[in-house]
Amino acid sequence: MKKIYRLSLATFIGPFVATFFISLFVLVMQFLWKYIDELAGKGLEMSVIGELLLYASANLIPMAIPLSILLSSIMTFGNMAENHELLAFKTTGVSLLRLMKPLTIGVIAISTGAFFFANIAVPKANLKFKSLLYSIKEQKPAMDIVPGAFYGGIEGFSIRVSEKDPETDRLYDVMIYDKSENRGNVMVTRAEEGEMYITEDERFLILDLKNGARYHEMPEQKGKSTKTFPHNMLKFEEYQIRFDLSSFNFKRAKEELWKNSTQMMNLNQLSAYIDTTHIKIEKKMDYTREYSVAYFNFLSDSNFAVNDSTYAAFNPNGKYISTIEVLSSRALIQRALSHARSIKGSLKSAHNELDYQLNRRIRGKIEFHRKFTLSIACILLFFVGAPLGAIIRKGGLGLPVVISTVIFILYYIVMIGTEKAAKQGAIYAEAGMWFPVTFILPFAFLLTIRANNDSKVGNFGAFMKGLFKKKDAKELIEGDATAKEVAGKESFDQEPSKNV
């Protein structure tokens, strides 16, 4: 039995490792396609992009593991069934469940590792990923001066060139608007040609201009009765402008800005986070209740004491306000309206605060239960894939890939739908996160029992052949019946002529 167990484990590990990296690669490419607009054209170093992909991969690993377990289990047992190895094992008394035992232990170990990875490594990776992605989004695009268009990437300047030599990077017909004085376009520099380069320390951009002029509109002198427009003009054969490139340097945002997000917390932090939001909700509700009671007046209130005759005049079909004098009723109505406006504003503010805290609590619960459900889903998907592979009796990367992809997409759709419903408050967060797992459970149970009982329903090739054979036979039978019916009708029609 030890040799059989080692054989099954060796058969499973290879496809699992291969499908894991393939699944992770596909998910990373999907992420890269989603954020390609944020990365392109900003002059980022490959180390920064590689670091971002590394953090994104850490976040996608808990999603890649269930898919790889499902696919590898279908491939493993599909190959065994296709090569009649399962039949050989069963003839020697080794059942499918017994053969799945070492793989079940291995999958449980993988699921446990995935749980600790999701609890420890993923929150830290999410924090670094969020801060790095924000830094990349805030990074200015790389300087690329296009001929015939104004370039405003350098703060305080706007540059336009008519032509640009792609080989020497020499610029022709250069126009520069200097807005550093915050008075509009008061300084304009124009030159026939120029050359642009960056200093060795990459702190400044140098622009050497030739044969041009600078026009500067000076600020108006104060104290004069008549308006003047002083300006100066500088003609030059050679002129150098220095631009500060500090704004183009890549700056990392502080990670503390996203430290309180639920995706950056482990189980202990999430538990404390959920309790804190619960306490804040209870305190806000108690405060709102106490604050609102003061705005309600009752008949027993000393400020509005009424005598027995007033009570006698008040009846269910009448109105209490009609028993009060006109002047008093006006003051009473104005006071009631004032109280209504005050309490309306207070309740609206309290509603917004409670809604915010409830949303935080729901998101905390979702992240708390997510760390458990993904690990449980790995085990259940194994009990879906292993018996399904034994039933369909197909290995390789053909049919198993199609079936596993369909199953995982169905699971993913259910998971996304219930999670969204939980975030919107339509269902409880616990139900939203655990429903996809309970959705898989009956399929895993039924497929395991069916495969252990040597079901042959999954032999799709024979099933399709049998289907067409049955269809042909049915058509033949129907054709014979129709022919007999026609023949009988013709003989009936011909009988009278024979009698005549």
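Here, the structure is the one placed above.
Before going into details, it helps to say that this report is about the structure given with it. Computed from a prediction, not measured in an experiment: that's the story for all the values here.

1. Some thoughts on the layout of surface pockets
Thinking step 1. Of the voids in this model, the largest pocket is the one considered here, and its volume is about 1,700 Å³.
Thinking step 2. Taken together, 47 residues form the lining of the largest pocket, with Asn 59, Leu 60, Met 63, Arg 370 and Tyr 412 sitting closest to its centre.
Thinking step 3. Elements supplying a minimum of two residues to the lining of the largest pocket: helix H1 (2-34), helix H3 (46-82), helix H5 (96-138), helix H8 (326-392) and helix H9 (399-423).
Thinking step 4. Among the elements that take part in the lining of the largest pocket, H9 stands out by supplying eleven residues, more than any other.
Thinking step 5. Residue composition of the lining of the largest pocket, grouped by class: 27 nonpolar, ten polar and ten charged.

2. Details of the environment of Asp 165
Thinking step 1. Residue placement: Asp 165 occurs in the loop between strand E2 (157-164) and strand E3 (170-178).
Thinking step 2. Sequence separation between Asp 165 and Pro 147 is 18 residues; the distance between their C-alpha atoms is 9.8 Å.
Thinking step 3. Among residues more than four places away in sequence, those in contact with Asp 165 are Arg 170 and Tyr 172.

3. Observations regarding unusual backbone geometry
Thinking step 1. You will see that Asp 173, though not glycine, has its phi angle at about 55 degrees, which is positive.
Thinking step 2. By the element assignment, Asp 173 lies in strand E3.
Thinking step 3. The class of Asp 173 is partly exposed, set by a relative accessible area of 26%.
Thinking step 4. With a phi close to 55 degrees, Asn 211 is a non-glycine residue in the positive phi region.
Thinking step 5. Along the chain, Asn 211 falls in strand E5 (residues 204-217).

4. A word on the sheet that holds E2
Through backbone hydrogen bonds, the strands of a sheet pair up, either in parallel or in antiparallel fashion.
Thinking step 1. The six strands lie next to each other as E1-E2-E3-E4-E5-E6, forming an open sheet whose pairing is antiparallel. This sheet does not close on itself; its edge strands, each paired only once, are strand E1 (150-151) and strand E6 (231-244).
Thinking step 2. Pairing of E5 with E6 involves 13 bridges; the strand directions are antiparallel. Residue pairing for E6: Lys 210 is matched across the bridge by Glu 238.

5. Description of a nonpolar patch on the surface
Thinking step 1. The grouping of Leu 9, Ile 13, Val 17 and Phe 21 at the surface amounts to a nonpolar patch, some 350 Å² of accessible area in total.
Thinking step 2. What makes Val 17 partly exposed here is its relative accessible area of 38%.

The rules behind each value
Residues numbered from 1 in each chain as written. Predicted model: local features only at pLDDT ≥ 70, side-chain atom pairs only at ≥ 80, totals over all residues. Heavy atoms only, no water. 1 Å grid on protein atoms, 1.4 Å probe; cavity = no way out; pocket = protein on both sides within 12 Å on 5 of 7 lines; lining within 4 Å. Points joined across faces, edges and corners; volume = space filled by probe spheres on them. Helix = DSSP H or I, 4+ residues; strand = E, 2+ residues; numbered from the N terminus. Nonpolar A, V, L, I, M, F, W, Y, C, P; charged D, E, K, R; others polar. Contact = heavy atoms within 4.5 Å. Buried < 20%, exposed > 50% of the residue type's maximum accessible area, 1.4 Å probe, protein only. Pairing = 2+ DSSP bridges. Patch = residues over 30% accessible without salt bridge, like charges linked within 9 Å, V, L, I, M, F, W, Y side chains within 5 Å. Areas by Shrake-Rupley, 256 points an atom, 1.4 Å probe, with all protein chains shown as cover. Salt bridge = Lys/Arg side-chain N within 4 Å of Asp/Glu carboxyl O.

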